[in-house]
Amino acid sequence: MGLTGRRWWDAVAGVWQLDAHEIEMLRRVVAVADRIEALEALVADQGFLADGRDGPKAHPALTEIRQCEALLGKLVAGLRVPDRDGVRPQTRGGHRSAHQGRRTYRSGVGRIGPVPS
């Protein structure tokens, strides 16, 4: 466990009593946080640019950092760490479609599509 991961662990497990599934989620948070720390150190050491076939390009670790940060955000949200008052964030139950809330219309038999703008 790296320094960043240890900070996450202490800030959550050191304060809140966690169930088994929450401990597993926190382990994933710690692993991703440590991965981000290692990738950032790599970029700091090697620079933001790497040699590409057509010249300099962004270091590949930058893409990985961005993906890990997105994953970290999802993991932390899934962990639902209580706030200072002990209130857990709201959850949304049920299936959420990408098209939820979009109105549809019927034009012709059996044809459904988005409402034209």
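Data block above holds the structure.
Predicted, not measured: the structure shown is a model, and the values here were computed from it.

*Asks:* Honestly, the packing of helix α2 (residues 20-46) against helix α3 (residues 60-79) in this entry has me stumped. Any pointers?
*Replies:* Relative orientation of the contacting elements α2 and α3 amounts to 160°, with a least axis distance of 9 Å. Classified by the interaxial angle, the pair formed by α2 and α3 is roughly antiparallel. The handedness of the crossing between α2 and α3 comes out as left-handed. Within the contact of α2 with α3, the residues separate by chemical class into 18 nonpolar, one polar and six charged.

*Asks:* Is there a simple way to explain the nonpolar core in this structure?
*Replies:* Among the nonpolar cores identified, the biggest contains 15 residues, and Leu-26, Val-32 and Ile-36 are the most heavily contacted of them. Elements with a contribution of two residues or more to this core: α2 and α3. Among the elements that take part in this core, α2 stands out by supplying seven residues, more than any other. Not counting the four nearest positions on each side in its chain, Ile-36 is found in contact with Ile-65, Cys-68, Glu-69 and Leu-72.

*Asks:* Honestly, the environment of Gly-78 in this entry has me stumped. Any pointers?
*Replies:* Tracing the chain through its elements places Gly-78 in helix α3. Its relative accessible area of 43% is what places Gly-78 among the partly exposed residues. In this structure the C-alpha to C-alpha distance between Gly-78 and Leu-26, which are 52 residues apart in sequence, comes to 9.7 Å.

*Asks:* How should I be thinking about the environment of Phe-48 in this particular structure?
*Replies:* Relative to the helices and strands, Phe-48 resides in the loop between α2 and β1 (49-52). The exposure class assigned to Phe-48 is exposed, which follows from its relative accessible area of 57%. Residues Phe-48 and Ala-61, spaced 13 residues apart in sequence, show a C-alpha to C-alpha distance of 8.7 Å. If we skip the residues at most four places from it in the chain, Phe-48 touches Val-43, Lys-57, Ala-58, His-59 and Leu-62.

*Asks:* Could you clarify how one ought to interpret the environment of Leu-26 in this entry?
*Replies:* Structurally, Leu-26 can be placed in helix α2. In this structure Leu-26 comes out as buried when scored by relative accessible area, which is 0%. Sequence spacing of Leu-26 and Ala-13 is 13 residues, and the spatial spacing of their C-alpha atoms is 8.1 Å. Discounting residues that sit within four places of it in the chain, Leu-26 has contacts with Trp-8, Trp-9, Val-12, Ala-13, Leu-18 and Leu-79.

Cut-offs and rules
- Residues numbered from 1 in each chain as written.
- Predicted model: local features only at pLDDT ≥ 70, side-chain atom pairs only at ≥ 80, totals over all residues.
- Heavy atoms only, no water.
- Axes fitted to C-alpha atoms, helices over the stretch in contact; angles between N-to-C directions.
- Helix = DSSP H or I, 4+ residues; strand = E, 2+ residues; numbered from the N terminus.
- Parallel < 35°, antiparallel > 145°, perpendicular 65-115°, else oblique.
- Left-handed = near helix turned anticlockwise from the far one by under 90°.
- Nonpolar A, V, L, I, M, F, W, Y, C, P; charged D, E, K, R; others polar.
- Core = buried A, V, L, I, M, F, W, Y, C linked by side-chain atoms within 4.5 Å.
- Buried < 20%, exposed > 50% of the residue type's maximum accessible area, 1.4 Å probe, protein only.
- Contact = heavy atoms within 4.5 Å.

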